[in-house]
Structure formats: C-alpha cells, structure tokens
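Each chain, written out:
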Amino acid sequence: MSAGPQPIRVLVVEDDPVAADAHVMYVGRVPGFVAVGKAHTGAEARRMLDRTPVDLLLLDLHLPDVHGLRLARSLRAAGHHTDVIAVTSARDLTMVREGVSLGVVQYVLKPFTFATLRDRLVRYAEFRGTAGEASGQDEVDRALATLRAPGPAALPKGLSGPTLERVTGVLRGSDEGLTAAGVAEAVGIARITARRYLEHLVDAGRAGRSPQYGQVGRPELVYRWAREAERGR
C-alpha cells in the first residue's frame, strides 16, 4: 500500500513563548500540517533550518535579534527556499510589497484566531498542491487566487463598518475586558447596540465573552478581545 502525502512541515518562529506554543498548537490542529519545532530568535531559526527539513515558516517579523524580512532575505541568499507566512502587528504596505520577493506567501495580522490561521494554511496547501501545465490564463489566475483570503463578509443588517471599527478598537485596548455598557459609553452608542456589535465579534471568533459574578442580581457578560479568549482555552 502506497504511503499518503507527506504533511507540510512548519517551523514556528516567534519570540513570545506563550504565542509560540499557541501557534504550534494551532498548526497541529490543521490536517496536513505538522509543526517540526519552534524558534524564538532568527539565529535559532537558522540553526534549525540547517538540520531540519522545513516547508513553511510561520515567521514573526519582530524578532529580538533580526527583522523577519531581513531573516527571510538571508535565508534566500543561503539557498533556503522555504515559503513564509509572515505574522506581524505592523500594517505597513511597503513591508508587504517587500515580502513578496522574499517568499512571503501570506500575511497574518496579530492578534489572530485559530480560524484565521487555519484559513491561510488551507489556502497555502491548495496552492502548493497545484501542479502540471496550465491550460490557459484562467487556470493560472485560479491557482494564484487560492492564496487570497475571501473578501470581508457583509455585516448583519443594522451594523456599520465605521462603528464596528470603533467598537473593535475599544475592546482591543482593554486588558480586563468590557461589558456592553462600558463599550456603549466609550463609543457613544446605546447599550443594546453595543451588545449587537460585541456579539458579532464573538460570532466571528474575534472576541470571547464570560459572565462576571460577585454582584447583586444576574451576572453581567464581559467581552474580551480574542487574545484573551485564546489564553483561557
């Protein structure tokens, strides 16, 4: 019996130990992928690549000893042709353009959920699996399109993009989490409206919620940005 396809081998390069462990766990949850290790610095990543076969780097761009794009450039110069999914909190489009020439096939903005990374990995696997000769331009376009994330989903009726951005910014800026009333006050909208936006973020996997006890009456729901929800899993 012939062996099945080999899993795509991923090296996680992330200086934050908690985030690195989470990313290794995420990779392991996606069928067809295996995390072969983790590195916390660029130097450590180079050493691991010299001794371990790696197909894909999940690369944080802000490492303590080198910028991720500089690391990617040095790896190309050394003959490593590993693809890269860049992980960053930066939103500099100049950096995005520079990364294209260095083997960066996807960008994932921090903080991200498992669902976001899974989508990028699945799309990468589909792109990697394309082979043979294209019959025409349409087939080439379809192969390249597999790397692109789908467009943003339409918001539920009654929700607006600008208000969602304001709610998102307030929630992301709170380390302790916020109630719907707290968000409503910060954004300047009604409490019931704030709760609709918060529930939308929960449904999209971008926020978590938990009851807050210790007060008289029914417990209040506290909403937290996804990074807090992930740590509690």
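Residues numbered from 1 in each chain as written. Predicted model: local features only at pLDDT ≥ 70, side-chain atom pairs only at ≥ 80, totals over all residues. Heavy atoms only, no water.

1. Brief notes about the overall build of the protein chain
Here is step 1 of the chain: Helices and strands together make up the secondary structure of the protein chain, namely 10 helices and 7 strands.
Here is step 2 of the chain: Among the 233 residues that make up the protein chain, the fraction classed as buried is 37%.
Here is step 3 of the chain: A fraction of 59% describes how many contacts in the protein chain between residues 6 or more apart in sequence connect residues 24 or more apart.
Here is step 4 of the chain: Accessible surface for the protein chain amounts to roughly 13100 Å². Of this, 53% is attributable to carbon and sulfur atoms. (Helix = DSSP H or I, 4+ residues; strand = E, 2+ residues; numbered from the N terminus. Buried < 20%, exposed > 50% of the residue type's maximum accessible area, 1.4 Å probe, protein only. Contact = heavy atoms within 4.5 Å. Areas by Shrake-Rupley, 256 points an atom, 1.4 Å probe, with all protein chains shown as cover.)

2. Description of the side chain of T82
Here is step 1 of the chain: Considering the arrangement of structural elements, one finds T82 in the loop between α3 (68-77) and β4 (83-88).
Here is step 2 of the chain: Taking relative accessible area as the criterion, T82 reaches 8% and is therefore assigned buried.
Here is step 3 of the chain: Side-chain polar atoms of T82 contact the backbone oxygen of V54, separated by 3.5 Å.
Here is step 4 of the chain: When residues no more than four places from it in sequence are discounted, the contact partners of T82 are L49, V54, D55, L56, L57 and R76. (Polar contact = N/O pair within 3.5 Å; in protein donor to acceptor, adjacent residues only side chain to side chain.)

3. So, the packing of helix α7 (residues 161-172) against helix α9 (residues 191-203)
Here is step 1 of the chain: Contact pair α7 / α9: the axes reach a minimum separation of 10 Å and the direction vectors enclose 75°. Considering the angle they form, α7 stands roughly perpendicular to α9. From α7, T163, L164, V167, T168 and L171 reach across to α9, where they touch Y197, L198, H200 and L201.
Here is step 2 of the chain: By residue class, the composition of the contact of α7 with α9 is 6 nonpolar, 3 polar and no charged. (Axes fitted to C-alpha atoms, helices over the stretch in contact; angles between N-to-C directions. Parallel < 35°, antiparallel > 145°, perpendicular 65-115°, else oblique. Nonpolar A, V, L, I, M, F, W, Y, C, P; charged D, E, K, R; others polar.)

4. Regarding the sheet that holds β4
Here is step 1 of the chain: The strand order across the open sheet built from 5 strands is β2-β1-β3-β4-β5, with neighbouring strands paired in parallel fashion. Strands with a single pairing partner mark the edges of an open sheet, and in this sheet they are β2 (33-39) and β5 (104-109). If you compare each strand with its neighbour and ignore which way they point, the axes differ by 20° on average.
Here is step 2 of the chain: Pairing of strand β3 (residues 56-60) with β4 involves 5 bridges; the strand directions are parallel. Across the sheet, the residue bridging to L58 is I85, located in β4.
Here is step 3 of the chain: This element, helix α2 (residues 42-51), spans β1 (8-13), β2 and β3 of the sheet and lies at about 130° to β2.
Here is step 4 of the chain: Its contacts with the sheet put helix α5 (residues 114-128) on β1, β2, β3, β4 and β5, and the angle it makes with β5 is roughly 170°. (Pairing = 2+ DSSP bridges.)

5. Points about the environment of V10
Here is step 1 of the chain: Among the secondary structure elements, V10 is positioned in strand β1.
Here is step 2 of the chain: Placed 73 residues apart in sequence, V10 and D83 show a C-alpha to C-alpha distance of 9.6 Å.
Here is step 3 of the chain: Not counting the four nearest positions on each side in its chain, V10 is found in contact with V27, F33, V34, A35, V36, G37, L56 and L58.

6. Some points on the pattern of salt bridges
Here is step 1 of the chain: This model, assessed by the stated rule, comprises 5 salt bridges.
Here is step 2 of the chain: Taking the shortest distance from any N to any O, the salt bridge between R120 and D119 comes out at 3.0 Å.
Here is step 3 of the chain: According to the relative accessible area criterion, R120 is buried, its value standing at 17%.
Here is step 4 of the chain: Taking relative accessible area as the criterion, D119 reaches 24% and is therefore assigned partly exposed.
Here is step 5 of the chain: Between R209 and E199 there is a salt bridge, with the nearest N and O atoms lying 2.5 Å from each other. Residue R209 is found in strand β6 (residues 207-212), and its partner E199 is found in helix α9; the two are separated by 10 residues along the sequence.
Here is step 6 of the chain: In this structure E199 comes out as buried when scored by relative accessible area, which is 19%.
Here is step 7 of the chain: Where salt bridges share partners, they join D119, R120 and R123 into one cluster. (Salt bridge = Lys/Arg side-chain N within 4 Å of Asp/Glu carboxyl O.)

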